[in-house]
Each structure stands twice: as structure tokens, then as C-alpha cells.
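# Structural overview for review
The chain contents come next:
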Amino acid sequence: MEFVRTPDDRFRDLPGWPYAPHYASVPDGDGGALRMHYVDEGPRSAAPILCLHGQPTWSYLYRKMIPVLSAAGHRVVAPDLVGFGRSDKPLRTEDYSYARHVAWLRALVESLDLRRITMICQDWGGLLGLRVVAEVPERFARVVASNTALPDARGIPDSAAPALRALYAALPVPQTMGEVAKGFASSGQGGAPPFMYWQKHCAESPRFTPQDVMRAMGGANLSAAEIDAYAAPFPSERFQAGARRFPALVPILPDDPAVPDNRRAWQALGWFEKPFLTAYTDGDPVTAGQHARMQEEIPGAKSQPHTTIRGAGHFVQEDAGEELARIALEFIARTPDA
């Protein structure tokens, strides 16, 4: 598998980011290996808190939470998913699949031999992390899910897939984040699911960049230097295949190859009795309402103090990172390991 590696000097002197890099090797699924980066702070003897980011971010997203969690005596492991941050970036979009991302993340967890894990997951951090929980539940002590989902096209008949794919093909390419927002606002008009506007923009717009996404969705208080930090892993278009690919991998149609695996994961999570907390925001148009299914179908979510974080958007770590960290710490304190 051919890949690129972002030069180290791109990560120097980033605001709020004093953390030394750590690396692990994972099988690439094509006979070779890829290097995954992770932050590792706090005492190594402590049970780990695994912080999982999504698209188009990297572990920098957790910079407001890492010091709060580690100061409380916890080990904090925040990896960069393959294609993001300081991790290797396969060059072909075809090299990225949902199944491979799950395998890469599971390989990292097993390579570091993480156990008694508290997982904090957002966006694709949940789409991947919940799959790993379903596959190796014995490694996890509890889960905190925020602004994420485990989609499996539930409720969409198989017969609808061809028509929905034709709708996607016919959509004009949204060239800017503003046009994507208009697509979300037009929910239901023309029959195209709003998420397709996001998929189309990321996959096809020549104007897609991670920094534009963060400028539009990352919170009003992001400085120019912080926005540049989100651009750091991507010095050119050549490095963006993974960031462009992720939305297309979300299985929103019933004939998607990831649907059977996600349905099996839901079945496995139906037996997950360890503590499971949802802490979604009130301002996320992407994952609004997805917490309800987790609360209903995951046994460990029963009778937990689920909460709504007010005044925050999709990237909760930016808008309310310290609050989410405190919620996680209180949850850990209330639910000692079995």
C-alpha cells in the first residue's frame, strides 16, 4: 500500500500542543504495515482513557481535554486514525474502507495491550470505536459517546438503494461549506438525504479542505493558528485521500458493504452491560437524535445519567472540551471497574 507521511516540521509549535509523539505499527491489510501516531499522557500504570476523533480532525481535537483527564491521574491515549494527523496516509481513496479502519484501530488497541479502557468517542471515533467495543468488549470498562452514531441503514428498504444512488449522482457538487449547510437545511426536498450533500462535497469538490470545515464548524473561538493546526497534517491535496473518503464510507444505504458488519455490531452491543453514557450537544445537525437508539438498545446505558451539553456544536471537544472531560471523570468515579 503506497502512503505518504506528513513531515514532522508541520507539527512544530502548534498552539496548546506540547505532547511528544508516539508510534505503533499496524498491518495495512495489503501485506505491509502502516505507522499510527498516538498521544500518551499520564501514568502508564493507570487504566487508559481512549480518545477517538473523527473527520477531518486529528488528536489535536482533544487538546482541551487531555490535561484535565491526565491531571486527574488517568492515562490518556489519543490516536490519529490512519489518514489523519501524524499517522500514515494511504494515497488511494480505494485503500480506505470501513472494515480496514476498524482493523487498524483494533490493531492499535491490541498492540498497546490497552485494557480497562474508558472510551470517549465522537464522529467517526464512534463509528469505529463502537465496532471495536463490539469485537473485543473484554478490553473496555465503559464508554462515553458524544455526537456519533453506528449507522446501519435501519428502516430503509433494500429496494430504495438504486433510487437513492441515482439521487446522489444527480446532486450538484456543493463547492463550499455554505452550500453544504444549505443542503442540510433543505432536508427532504427532492428526496436526497441531507448527508449526501456532505458526502458529495468531500468526495468531489476541489475546494474541500479540513481547515475550511473547522472554520465553519469548529467553534467561533478558534484562532487562525488553531485552524492552521488542523491543516498541518495535509500539506497538499495528495495527503487528503482519507479525509475525503470518510463520508462516503458512512453506510446510509442498505446495500452498503458495511451494513452487515454494523448490524452484527448492534447485536453484540445488545449484550454490552458495562456503563455506557451519552453526552450529546444541542447544536449538532449531523448526529442529532442518534443517542436515543444507544440508550434504548445497549444494556449498559440503562439508568445512566445521560446529559445534553448546551450551546455546543458538532465538535464538542472545541466548544465544550473541559465540560465533556469533567462529565467523563464524574462518570468514571461513579462506575468503578467491575
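Scoring rules and cut-offs
- Residues numbered from 1 in each chain as written.
- Predicted model: local features only at pLDDT ≥ 70, side-chain atom pairs only at ≥ 80, totals over all residues.
- Heavy atoms only, no water.
- Pairing = 2+ DSSP bridges.
- Helix = DSSP H or I, 4+ residues; strand = E, 2+ residues; numbered from the N terminus.
- Axes fitted to C-alpha atoms, helices over the stretch in contact; angles between N-to-C directions.
- Core = buried A, V, L, I, M, F, W, Y, C linked by side-chain atoms within 4.5 Å.
- Buried < 20%, exposed > 50% of the residue type's maximum accessible area, 1.4 Å probe, protein only.
- Contact = heavy atoms within 4.5 Å.
- Right-handed = clockwise from strand over helix to strand, strands pointing away.
- Parallel < 35°, antiparallel > 145°, perpendicular 65-115°, else oblique.
- Left-handed = near helix turned anticlockwise from the far one by under 90°.
- Nonpolar A, V, L, I, M, F, W, Y, C, P; charged D, E, K, R; others polar.

## A short note on the sheet that holds strand 4 (residues 48–52)
Overall, mixed pairing links the 8 strands, which are arranged 2-3-5-4-7-8-9-10 in an open sheet. One side of each edge strand has no neighbouring strand; the edge strands of this open sheet are strand 2 (22–27) and strand 10 (307–309). Within this sheet the neighbouring strands show an average axis-to-axis angle of 25°, counted without direction. The pairing of strand 2 with strand 3 (residues 33–41) spans 6 bridges and is antiparallel.

## Some remarks on the nonpolar core
Residues Leu-69, Met-119, Ile-120 and Phe-276 are the most contacted members of the largest nonpolar core, which totals 108 residues. The dominant element in this core, judged by the number of residues it contributes, is helix 12 (residues 316–334), at 9 residues. In this view, Phe-276 contacts Leu-130, Val-143, Ala-145, Met-294, Ile-298, Gly-300, Ala-301, Gln-304, His-306 and Phe-331; residues no more than four positions away in its chain are not counted.

## Quick notes on unusual backbone geometry
The linkage connecting Gln-55 with the following residue, Pro-56, adopts the cis geometry, with an omega of 5°. Even without being a glycine, Ala-153 presents a positive backbone phi close to 60°. For Ala-153, the location among the structural elements is in the loop between strand 8 (140–146) and helix 4 (161–170). Residue class for Ala-153 comes out buried when judged on its relative accessible area of 7%. A positive phi angle, near 65°, is found at Ser-303, a position not held by glycine. With respect to the helices, strands and loops of the structure, Ser-303 is situated in the loop between helix 11 (291–297) and strand 10. Judged by its relative accessible area of 80%, Ser-303 falls in the exposed class.

## Structural notes on the pairing of strand 9 (residues 276–281)
For strand 9, a buried count of 6 out of 6 residues is recorded, marking the element as mostly surrounded by other parts of the structure. Burial along strand 9 is two-sided: Phe-276, Thr-278 and Tyr-280 facing one way and Leu-277, Ala-279 and Thr-281 facing the other are all buried. As judged from the 3 bridges shared by strand 8 and strand 9, these two strands associate in the parallel manner. Counted as the bridge partner of Val-144 is Leu-277 from strand 9. Where the polypeptide runs from strand 9 across helix 11 and back to strand 10, its parallel neighbour, the crossover connection is right-handed.

## Topic: the packing of helix 4 against helix 6 (residues 195–204)
It is at 10 Å that the axes of helix 4 and helix 6 come closest, and there the two elements cross at 50°. As judged from the angle between their axes, helix 4 and helix 6 are oblique. Between helix 4 and helix 6 the crossing geometry is right-handed. On helix 6, the residues touching Leu-164, Tyr-168 and Ala-169 of helix 4 are Met-196, Gln-199, Lys-200, Ala-203 and Glu-204. Here the residues of the contact of helix 4 with helix 6 sort into 5 nonpolar, 1 polar and 2 charged.

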